[in-house]
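# Structural characterization, general
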Amino acid sequence: MRYISTRGSAAVSVETAIMGGTAGDGGLYVPEILPALPPASFPPTADLPAIASIFLQPFFAGSSLATRISDICRAAFNFPLPLRQLEASPGSLSVLELFHGPTAAFKDVGARFLARCMEAIIHDGVLAAGPVTVLVATSGDTGGAVAAAYYRRAGTRVVILFPEGRVSARQQHQLTCWGDNVVSLAVRGEFDDCQRLVKACFADSSLRSQHRLCSANSINVGRLLPQAAYYAQASLAHWRATGRNLSFIVPTGNMGNAFACVWARRAGLPIDRIILATNANLTISDYLATGQWLPRPSIATLASAMDVGNPSNMERLQGLCGDIQTVREEVSAIPVSDVEIRSTIVDEFRRHGLPWCPHTATGLNVYRKLPAAERAGRDWAVVATAHAAKFDTIVEPLLGVHIRLPDELSALLARPTHFETIPPELDALAARL
Ligand SMILES: *Cc1c(COP(=O)(O)O)cnc(C)c1O
């Protein structure tokens, strides 16, 4: 399997696509063809790592990773991603819980798979490269998942930049409790300063080659592909149990999670509709309504990990579809306000006694807002992207209860932390690299 850029440049190997992150022409890598993986490709007894391995194998065909995918899936998919049914048919509601990993959010899945692919590529010397430095700017959630995934992965070092005093205490702890091959730097500035510094490093060809800089951001195809595996597992389980296709409502920011669902459906999995739940950042919903793609600065909302004004992965969907009409057939989008997020967290707790994070609440709000006939005619799964305990400062005051931390997260929060503080200047960062 070869990978091409959404902007048309020549095909590269999957190893190059993973280590390069974005294509040389500024586009995003996509597989040259989408393999066909109908339900019959998956034995009924296959567990999550086996389903992931069967789904991912064709995307790595002919590469140095082909014989390793099964082991990488066993190691990366080592926590459950359960589909929990909350309400029965008609219009049944389930929640696909993606928050049982080390940092209690769905980004653990992609980051763990990507880290192991990079480790294998470096170990095998495929691109004649040595150790790499993975440089990440984070406003909170991504950095923790990447740090946890790369911690002690041979041949890799991670440098995380976060804005001093602008991430929550729990987030900061998850960014700074590592050590070993993970370096955490608090930047005296905003998230935009962190991002600017990372871009400046990548633009500096001597820094870039000296440290073999790599990125692990959500547009890396090695993070996107494994996310399709949980859509495969959930839709197969539902289809085998009911004979019906499952529709997904996906809380969406940069559209990586939702786009993986589109790939899974295109590959032949029993998926019906895909609805994107967004927050007050309206770039996607405006585009679907008007056909005009107008990126804009992001707006801060309660669902902060979805505060994206220029969702990168739309370029992949546009490339797959060709025209706006086909994009509209593929997905729809429904925005959710902060007021609705708050009321949904409260209402759903009353209904089922379960606390949901603000991102998951956007998805549940969309489910409740669906026209009655549309809701009743299908079986729905809302994707739960993070554990409510990660957003305790929002959820606990609304519900008036203490939310118990998942064990993995409390283990992280018990670890000692260490970080250094740097001014928002390239020289300061370069000296730390
Ligand atoms: C990153 C993230 C999202 C948004 O996912 P995208 O792939 O960027 O659309 C939603 N919820 C949580 C908790 C996240 O961390």
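Residues numbered from 1 in each chain as written. Predicted model: local features only at pLDDT ≥ 70, side-chain atom pairs only at ≥ 80, totals over all residues. Heavy atoms only, no water.

Right, let's talk about the side chain of Asp307 for a bit. Position of Asp307 relative to the elements: it lies in the loop between helix H11 (283-290) and helix H12 (314-321). One buried charged residue, Asp307, remains without a salt bridge, the closest side chain of opposite sign being Lys107 at 11 Å. At 2.9 Å, the side chain of Asp307 forms a polar contact with the side chain of Asn279. At 3.5 Å, the side chain of Asp307 forms a polar contact with the side chain of Asn281. Apart from the residues within four sequence positions on either side, Asp307 is in contact with Asn279, Asn281, Ser298, Ile299, Ala300 and Thr301. (Helix = DSSP H or I, 4+ residues; strand = E, 2+ residues; numbered from the N terminus. Buried < 20%, exposed > 50% of the residue type's maximum accessible area, 1.4 Å probe, protein only. Lys, Arg positive; Asp, Glu negative; His and termini not counted. Salt bridge = Lys/Arg side-chain N within 4 Å of Asp/Glu carboxyl O. Polar contact = N/O pair within 3.5 Å; in protein donor to acceptor, adjacent residues only side chain to side chain. Contact = heavy atoms within 4.5 Å.)

Moving on to the packing of aromatic side chains. Inspection of every chain in the model, using the stated rule, returns 9 aromatic pairs. Both rings, one in Tyr231 and one in Phe248, keep their centres 4.9 Å apart while their planes meet at 85 degrees; by these two values the pair is edge-to-face. With Tyr231 in helix H9 (residues 221-242) and Phe248 in strand E9 (residues 246-251), this pair connects stretches of sequence that are 17 residues apart. For Phe248, a relative accessible area of 0% translates into the label buried. Through a chain of ring-to-ring contacts, three or more aromatic side chains come together here, namely Phe55, Phe59, Phe259 and Trp263. (Phe/Tyr/Trp six-rings, centres within 6.5 Å; stacked < 30°, edge-to-face > 60°.)

So, about the pairing of strand E6 (residues 156-163). Among the 8 residues of E6, 7 are classified as buried, and the element is accordingly described as predominantly covered. As paired strands, strand E5 (residues 132-137) and E6 are joined by 6 bridges and run parallel to one another. Across the sheet, residue Val132 finds its bridge partner in E6, namely Thr156. Crossover handedness for the path E5 to helix H5 (residues 141-150) to E6: right-handed. Sheet topology places E6 next to strand E7 (residues 182-187); 6 bridges connect them, and they run parallel. Across the sheet, the residue bridging to Val159 is Val183, located in E7. You can see the chain leave E6, run along helix H6 (residues 169-176) and come back into E7, and the turn it takes is right-handed. (Pairing = 2+ DSSP bridges. Right-handed = clockwise from strand over helix to strand, strands pointing away.)

Looking now at the pattern of salt bridges. Applying the stated criterion across every chain, the model contains 21 salt bridges. A salt bridge links Asp180 to Arg152, with the nearest nitrogen and oxygen atoms 2.7 Å apart. Of this pair, Asp180 sits in the loop between H6 and E7 while Arg152 sits in the loop between H5 and E6, placing them 28 residues apart in sequence. Accessibility assignment for this pair places Asp180 and Arg152 in one class, exposed. The partner of Asp286 in a salt bridge is Arg296, and the shortest N-O contact between them spans 2.9 Å. Taken together, the residues Asp286 in helix H11 and Arg296 in the loop between H11 and H12 connect sequence positions 10 residues apart. If you follow the salt bridges from partner to partner, you end up with Glu87, Glu348, Arg351 and Arg368 in one network.

The next point concerns the environment of Gly353. With respect to the element layout, Gly353 can be found in the loop between helix H14 (338-352) and helix H15 (358-369). According to the relative accessible area criterion, Gly353 is partly exposed, its value standing at 42%. Remark: the alpha-carbon pair of Gly353 and Ala237, spanning 116 residues in sequence, is separated by 25 Å.

Taken together, 14 residues lie near the ligand, and Lys107, Gly253, Asn254, Met255 and Thr385 sit nearest. Within the contact set of the ligand, an oxygen atom lies 2.7 Å away from a backbone nitrogen or oxygen of Gly253. Taking Gly256, its main chain carries an N or O atom lying 3.0 Å from an oxygen atom of the ligand. Here the ligand, which alone exposes 380 Å², has 97% of that area covered by the protein. Split into classes, the residues belonging to the shell around the ligand amount to 5 nonpolar, 7 polar and 2 charged. (Near = heavy atom within 4 Å. Areas by Shrake-Rupley, 256 points an atom, 1.4 Å probe, with all protein chains shown as cover. Nonpolar A, V, L, I, M, F, W, Y, C, P; charged D, E, K, R; others polar.)

Our focus in this paragraph is unusual backbone geometry. Note that the residue after Ser89, namely Pro90, is joined by a cis bond; omega there is 0 degrees. On the secondary structure map, Pro90 appears in the loop between strand E3 (83-87) and strand E4 (93-97). The residue Asp180 is not glycine, and still its phi comes out positive at about 60 degrees. Looking at Asp180, the relative accessible area reads 57%, which means it is exposed. Positive phi is not limited to glycine here, since Arg212 has a value of about 50 degrees. Among the structural elements, Arg212 can be located in the loop between helix H8 (205-211) and strand E8 (213-214). Residue classification places Arg212 among the partly exposed positions, given a relative accessible area of 37%.

A few words now on helix H17 (residues 392-399). Spacing of three or four residues puts side chains on the same side of an α-helix, whose turn is 3.6 residues. Among the residues of H17, those classed as buried are Asp392, Val395, Glu396 and Leu399. On an axial view of H17, the arc spanned by its buried residues comes to 95 degrees, and they lie on one face. Exposed and oriented more than 90 degrees from the buried face of H17 are Thr393 and Pro397. Along its buried surface, H17 packs onto H6, H14 and H15. At the exit of H17 stands Gly400, carrying a positive phi of roughly 65 degrees. (Arc of directions from axis to C-beta.)

The next point concerns the layout of surface pockets. A volume near 270 Å³ is recorded for the second largest pocket. Around the second largest pocket sit 15 residues that line it, and Arg84, Phe99, His100, His387 and Pro406 are the ones nearest its centre. Of the residues that constitute the lining of the second largest pocket, the class distribution is 7 nonpolar, 3 polar and 5 charged. (1 Å grid on protein atoms, 1.4 Å probe; cavity = no way out; pocket = protein on both sides within 12 Å on 5 of 7 lines; lining within 4 Å. Points joined across faces, edges and corners; volume = space filled by probe spheres on them.)

As a further point, take the packing of H14 against H15. Packing of H14 against H15 brings their axes to within 9 Å, and their N-to-C directions diverge by 80 degrees. In terms of their interaxial angle, H14 and H15 are classed as roughly perpendicular. Within the contact between the two elements, H14 uses Glu340, Ile341, Thr344, Ile345, Glu348, Arg351 and His352 and H15 uses Pro358, Ala361, Thr362, Leu364, Asn365, Arg368 and Lys369. Residues that form the contact of H14 with H15 fall into these classes: 5 nonpolar, 4 polar and 5 charged. (Axes fitted to C-alpha atoms, helices over the stretch in contact; angles between N-to-C directions. Parallel < 35°, antiparallel > 145°, perpendicular 65-115°, else oblique.)

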